[in-house]
Amino acid sequence: MRTAILALTEQGARTARRVRAALPDADVFVSRRVAAQADAAGEVSTDGVHASDGAAAENGGMRTFGRIAQVTAEIFAQYDALVYIMAAGIVVRSIAPLVRDKLADPAVVVLDEQARHVISLLSGHVGGANALARQLAVALGGEPVITTATDVEGLAAPDAVAAQLGLMPWPHGAILNVNRTLLDGARVRYVVDASLPLAAFYRERLAGGGADCISFDVAETADVRTESAERSVAPVASATVDVVLAHDPARFPAHQRRGGLFLRPMRLVAGVGCRRNTPEAEVLAALADAAARIGVPREAVAALASTVVKRDEAGLLSAADALGVPINFFSNETLAEVIETYGLRESSFVKQTIGVGNVAEAAALAEAGRASRIALGKTKYEKVTVALVWQISQSSVSDREASKT
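Residues numbered from 1 in each chain as written. Predicted model: local features only at pLDDT ≥ 70, side-chain atom pairs only at ≥ 80, totals over all residues. Heavy atoms only, no water.

K.L.:
Requested: an account of the packing of helix α12 (residues 280–293) against helix α13 (residues 314–323), with residues and values cited.
P.N.:
α13 packs onto α12 with a crossing angle of 60 degrees between their chain directions and a minimal axis gap of 8 Å. Classified by the angle their axes make, α12 and α13 are oblique. The handedness of the crossing between α12 and α13 comes out as right-handed. In this structure, α12 uses Glu280, Val283, Leu284 and Leu287 to contact α13, whose residues at the interface are Gly315, Leu316, Ser318, Ala319, Ala322 and Leu323. (Axes fitted to C-alpha atoms, helices over the stretch in contact; angles between N-to-C directions. Helix = DSSP H or I, 4+ residues; strand = E, 2+ residues; numbered from the N terminus. Parallel < 35°, antiparallel > 145°, perpendicular 65-115°, else oblique. Left-handed = near helix turned anticlockwise from the far one by under 90°. Contact = heavy atoms within 4.5 Å.)

Next comes the structure, spelled out in structure tokens:
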């Protein structure tokens, strides 16, 4: 996930460097006052860039801000996770006007200046704040502070499971109902629509985690399916609640009428950059490794995206054909707009070579649209660079550009 680390004080800035050691791709923001003090003292950030630099350098120099509320408002929608090193009250006041929806808000984690406590404050399950808090606590030797009821009780909440598998809980109101039922002692049974391309993967992961999981092959004609037909797949104990993995809730009308919870697969977009004449095999190998890093098979990749400069790259085109997925190429103007919108880092070499300094992340985000989350930041292989983005909604830049023609 794309992460920003924010610090207000000199000690906070030192802790921010420790956090960044655990999250090397994160951007660090420090207050101008602290940056000015460091600059006056001739102090240099751990990556060799003066902390007073206003803009992030290519190698990840610290950025500066004036007021914490203002910088929070500016970057809240740009990042998948925000890690604050300051008092929790300051953070609460800064994010309060921006919080919208647990399915869309970024993860927010708060640390004290000594990193003794790592608090998951917002979007613990879907956004990944609980997992991030645990990760940082281990790296920094602190104590994770998790207040989510299911986590406290040692229960695997379906929305937490969804985050691990690239699924999005729907509808929003059903999440609380299922988790409340789970806390009351019920068991969750996962019903996997057998028509899903990754149905076998979902069943294997769920069963491997000790979950009760079945597969259900529904009929193609919706009007012949009834509640009794859905329930006939297997007997259900009264203290069991079904959670259905399906792309189209209409395939399970009875579950939908009951207000049941669905976990819907998100679309995984791979942004790809590569050297000239890179063979198909190397592109596919890079995609397989990138997918494995986020815990999904290569087959989870649903679309490729790159720069228009690569539109005739044979290895890239044949890799898309081998995967059976579409590939879209974006103009430098579109990629530059995405880079500016998200504040993406750019490579001066790549920019000098093709005219834009970030291909993999920018192309993936352009294809996925604004309702998206970076699953894997740009990852470099010998001849290929890959970034992975979960597309939460089905509206993307390519969809919008196609609608204009």
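K.L.:
Please set out the pairing of strand β4 (residues 81–85) residue by residue, giving values where relevant.
P.N.:
The buried fraction of β4 is high, at five of five residues. Because side chains alternate across β4, one face comprises the buried residues Ala81, Val83 and Ile85, and the other comprises Leu82 and Tyr84, equally buried. Pairing analysis gives five bridges linking β4 to strand β5 (residues 107–111), with the strands arranged parallel. Bridge pairing in β5 links isoleucine 85 to leucine 111. The parallel pair β4 and β5 is bridged by helix α4 (residues 88–95), and the resulting crossover is right-handed. (Buried < 20%, exposed > 50% of the residue type's maximum accessible area, 1.4 Å probe, protein only. Pairing = 2+ DSSP bridges. Right-handed = clockwise from strand over helix to strand, strands pointing away.)

K.L.:
Requested: an account of the sheet that holds strand β9 (residues 187–193), with residues and values cited.
P.N.:
The pairing of strands in a sheet happens through backbone hydrogen bonds and is either parallel or antiparallel. Pairing is mixed across the open sheet formed by five strands, whose spatial order is β8-β12-β11-β9-β10. Looking at which strands have only one partner, the edges of the open sheet turn out to be β8 (167–170) and β10 (212–216). Put simply, the sheet's adjacent strands are angled 25 degrees from each other on average, direction ignored. Both β9 and β10 contribute to a ladder of five bridges, which runs parallel. Looking at the pairing, tyrosine 190 lines up with cysteine 213 of β10. In this fold helix α7 (residues 158–165) packs onto β8, β9, β11 (240–245) and β12 (261–265), with an angle of close to 150 degrees to the strand it touches most, β8. Against the sheet, helix α9 (residues 199–208) engages β8, β9, β10, β11 and β12, with an angle of about 160 degrees to β9.

K.L.:
Describe the sheet that holds β5, with residues and values.
P.N.:
If you trace the seven strands from one edge of the open sheet to the other, you get β3-β2-β1-β4-β5-β6-β7, paired in mixed fashion. Because the sheet does not close on itself, it has two edges, and the strands there are β3 (63–65) and β7 (143–145). For this sheet, the mean angle separating the axes of adjacent strands, direction not counted, is 25 degrees. Lying on the sheet, helix α5 (residues 129–140) is in contact with β4, β5, β6 (117–122) and β7; it crosses β5 at an angle near 30 degrees.

K.L.:
Describe in detail the nonpolar core, supporting the description with residues and values.
P.N.:
Among the nonpolar cores identified, the biggest contains 53 residues, and Tyr202, Leu245, Leu304 and Leu388 are the most heavily contacted of them. Per-element tally for this core: the top contributor is α12, with six residues. Val34, Leu111, Leu136 and Ile146 belong to the second-largest nonpolar core, a separate cluster that totals 27 residues. (Core = buried A, V, L, I, M, F, W, Y, C linked by side-chain atoms within 4.5 Å.)

K.L.:
Requested: an account of the layout of surface pockets, with residues and values cited.
P.N.:
Estimates place the volume of the second largest pocket at around 690 Å³. Sorting the residues of the lining of the second largest pocket by element identifies β8, β12 and β16 (372–380) as the ones contributing at least two each. Within the lining of the second largest pocket, the residues separate by chemical class into 18 nonpolar, five polar and eight charged. (1 Å grid on protein atoms, 1.4 Å probe; cavity = no way out; pocket = protein on both sides within 12 Å on 5 of 7 lines; lining within 4 Å. Points joined across faces, edges and corners; volume = space filled by probe spheres on them. Nonpolar A, V, L, I, M, F, W, Y, C, P; charged D, E, K, R; others polar.)

K.L.:
Let's hear about helix α1 (residues 10–22): which residues, and what values?
P.N.:
Helix length check: α1, at 13 residues, gives a terminal C-alpha distance of 19 Å against a target of 18 Å (1.5 Å per residue), a fit within 8%. Where α1 is concerned, the buried positions are Gly12, Ala13, Thr15, Ala16, Arg17, Val19 and Arg20. (Expected span 1.5 Å × (residues − 1).)

K.L.:
I'd like a description of the environment of asparagine 277, backed by residues and values.
P.N.:
With respect to the secondary-structure elements, asparagine 277 resides in the loop between β13 (267–274) and α12. What makes asparagine 277 exposed here is its relative accessible area of 63%.

K.L.:
Give a detailed account of the packing of aromatic side chains, specifying residues and quantitative values.
P.N.:
Taken as a whole, this structure holds four aromatic pairs when the rule is applied. Pairing phenylalanine 29 with tyrosine 79 gives two aromatic rings, centres 6.1 Å apart and planes at 85 degrees, and the pair type is edge-to-face. A residue pair is termed long-range when its members are at least 10 positions apart, and phenylalanine 29 in strand β2 (residues 27–31) and tyrosine 79 in the loop between α3 (68–75) and β4 qualify at 50 residues. Of the two residues examined, phenylalanine 29 and tyrosine 79, each falls in the buried class. Between arginine 2 and the ring centre of tyrosine 79, over which it is positioned, the NZ or CZ distance is 4.2 Å. (Phe/Tyr/Trp six-rings, centres within 6.5 Å; stacked < 30°, edge-to-face > 60°. Lys NZ or Arg CZ within 6 Å of the ring centre and 35° of its normal.)

K.L.:
Residue-level account of the environment of serine 306, with values.
P.N.:
Turning to its location among the elements, serine 306 is positioned in strand β14 (residues 301–307). On the accessibility criterion, serine 306 (0% relative accessible area) is buried. For the pair formed by serine 306 and valine 386, sequence separation is 80 residues and the distance between their alpha carbons is 9.8 Å.

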